[in-house]
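What the coordinates show
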Protein chains: 2
Amino acid sequence: MPLTIGVLSKQTGCNIETIRYYERIGLLPGPPRSAGGHRLYGEVHLKRLTFIRRGRELGFTLDDIRGLLGLVDGGAYTCAEVKALTLDHLGEVRRKLADLRRLEQVLKHMVEECDGGAVPDCPVIDALFRATRDRMPVSPGSPRP
Amino acid sequence: MPLTIGVLSKQTGCNIETIRYYERIGLLPGPPRSAGGHRLYGEVHLKRLTFIRRGRELGFTLDDIRGLLGLVDGGAYTCAEVKALTLDHLGEVRRKLADLRRLEQVLKHMVEECDGGAVPDCPVIDALFRATRDRMPVSPGSPRP
DNA sequence: ATGGAACCTGTAGCAACTACAGGTTCAAGG
DNA sequence: CCTTGAACCTGTAGTTGCTACAGGTTCCAT
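Now for a quick tour of the structure. None of these values were measured; they are calculated from a predicted model. (Residues numbered from 1 in each chain as written. Chains lettered and ligands numbered in written order. Predicted model: local features only at pLDDT ≥ 70, side-chain atom pairs only at ≥ 80, totals over all residues. Heavy atoms only, no water.)

Bringing the overall build of chain A into the picture now. When helices and strands are tallied, chain A shows six helices and zero strands. Listing every helix and strand of chain A by position from the N terminus yields α-α-α-α-α-α. Put simply, chain A has 145 residues, and 44% of those count as buried. Considering only intrachain contacts with a sequence separation of at least 6, the fraction spanning at least 24 residues in chain A is 45%. On chain A, roughly 7600 Å² of surface is accessible, and the fraction owed to carbon and sulfur atoms is 55%. (Helix = DSSP H or I, 4+ residues; strand = E, 2+ residues; numbered from the N terminus. Buried < 20%, exposed > 50% of the residue type's maximum accessible area, 1.4 Å probe, protein only. Contact = heavy atoms within 4.5 Å. Areas by Shrake-Rupley, 256 points an atom, 1.4 Å probe, with all protein chains shown as cover.)

Okay, the protein's contact with DNA strand C next. Within the structure, DNA strand C sits among 21 residues, and T18 and Y22 of chain A together with G6, R20 and R39 of chain B are positioned closest to it. Within 4 Å of the protein, the atoms of DNA strand C are drawn from sugar and phosphate moieties in a proportion of 83%. Interatomic distance of 3.5 Å between a side-chain N/O atom of N15 of chain A and a phosphate oxygen of DNA strand C. For the surface near DNA strand C, the secondary structure elements donating two or more residues are α2 (16-24) and α3 (43-57) of chain A together with α1 (5-12) and α2 (16-24) of chain B. Partitioned by chemical class, the residues of the surface near DNA strand C number five nonpolar, ten polar and six charged. (Near = heavy atom within 4 Å. Polar contact = N/O pair within 3.5 Å; in protein donor to acceptor, adjacent residues only side chain to side chain. Nonpolar A, V, L, I, M, F, W, Y, C, P; charged D, E, K, R; others polar.)

This part covers the packing of aromatic side chains. Tallied over the entire structure, the rule returns four aromatic pairs over all chains. Centre to centre, the rings of Y21 of chain A and Y22 of chain A are 5.9 Å apart; their planes meet at 45°, and the pair counts as tilted. Ring geometry for F51 of chain A versus F129 of chain B: centroids 4.7 Å apart, planes at 55°, classification tilted. Placement of F51 of chain A in helix α3 and of F129 of chain B in helix α6 (residues 123-129) is noted, with the two residues assigned to different chains. The exposure class assigned to F129 of chain B is partly exposed, which follows from its relative accessible area of 26%. Over the ring of F129 of chain B we find K47 of chain A, and its NZ or CZ is 4.9 Å from the ring centre. (Phe/Tyr/Trp six-rings, centres within 6.5 Å; stacked < 30°, edge-to-face > 60°. Lys NZ or Arg CZ within 6 Å of the ring centre and 35° of its normal.)

Residue and element names in this part refer to chain A. Taken as a whole, helix α1 (residues 5-12) has its buried residues at I5, L8, S9 and T12. For α1, the angular spread of the buried residues around the axis is 105°, confining them to a single face. In this structure, the buried residues of α1 make contact with α2 and α3. Two residues or fewer after α1 comes G13, characterised by a positive phi angle close to 75°. (Arc of directions from axis to C-beta.)

Residues and elements named next belong to chain B. Within the fold, E112 resides in helix α5 (residues 79-113). Note on E112: relative accessible area 52%, which makes it exposed. Each C-alpha atom of the pair E112 and P123 lies 9.4 Å from the other, and the pair is eleven residues apart in sequence.

Moving on, we come to the pattern of salt bridges. Using the criterion set out here, one finds 16 salt bridges over all chains in the structure. Note that R48 of chain A is salt-bridged to D73 of chain A, the shortest N-O span being 3.0 Å. Of the two residues, R48 of chain A sits in helix α3 while D73 of chain A sits in helix α4 (residues 62-74), which places them 25 residues apart along the sequence. In this structure, E57 of chain B and R54 of chain B form a salt bridge, with 3.7 Å as the shortest nitrogen-oxygen distance. Placement of the pair is E57 of chain B and R54 of chain B together in helix α3 (residues 43-57), with a separation of three residues, close to one helical turn. We note that E57 of chain B, like R54 of chain B, is buried. (Salt bridge = Lys/Arg side-chain N within 4 Å of Asp/Glu carboxyl O.)

So, about the protein's contact with DNA strand D. Surrounding DNA strand D, one finds 21 residues, the nearest of these being G6, R20 and R39 of chain A together with T18 and Y22 of chain B. The sugar and phosphate moieties of DNA strand D supply 82% of its atoms located within 4 Å of the protein. Within the backbone of L62 of chain B, an N or O atom sits 3.5 Å from a phosphate oxygen of DNA strand D. Among the secondary structure elements, those contributing two or more residues to the surface near DNA strand D are α1 and α2 of chain A together with α2 and α3 of chain B. Tallying contributions element by element places α2 of chain B first for the surface near DNA strand D, with four residues. Considered class by class, the residues forming the surface near DNA strand D number five nonpolar, ten polar and six charged.

That's the geometry; what it means functionally is another story.
Below you can see the structure in the form of structure tokens.
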């Protein structure tokens, strides 16, 4: 009993549009279709999509995931290859953590100096008008959900 | 003595294309032009662009910054308003930090279980094929530079 | 006057989706 | 068998914060 796209969506927590998007970019193989053209997914698709979503949850890019899947598909992957990719990614995550920790400190200091008074003279604004000499990294502001 | 866009770029560390982009989206006012059409910036622009860049470094979105600038431009901002925005953002940063810390743990465990052997049987891959019940947030994979 | 650096506009591209519009198919109820 | 409406289809355009051209013009030092 094959899964429709809606059911697959519910099972994986992955948006329908996103599933079709993964197909378009060649991450998820196009499934067989019903007579009328509806997608009918099987166990394989469920597993693969789960893999992709889990990878995304762990912060891998689609390209990382493509690489991982390539290894798995080839069947010739070694634990060492996968470990290398993962360690790489772990490094990224740690860099990002360090950036955010610094950020947190700066923001914390800024609000601490702010007395919240009703006067238009704010240490935060002042701080923003001053250039940094030791520049902070411009980490991408998270796309607010 | 007005600044050309190239000089402004150097002084602020902001890419020329990005400066023009900020003008296009209405963050940075369009400066006067030379007879031939070149942009000629003044002190005001330098200050404003510095503000924008610093805001970005601190992880504010352009929309946040637009809000902050709106307050400043209005002249009627209070310290409390600014503080609220900043606290909001600090909350975001902290949420992101928490997410990344969890991520770090998971990745660390995964690579620890991985013996790096040459056999195609990897705990990392296995982990990826297993769905999470307690889902992790899909934080955007940082656009690799 | 001339050469080359710096500038101009406009468009298209990146990641990773999301959100339509405008149409077709499926399955359950009457 | 027929209707209804939810679910599906394709294709395109939008999001964020930039960057990267192409193809042309201007500036300024020699």
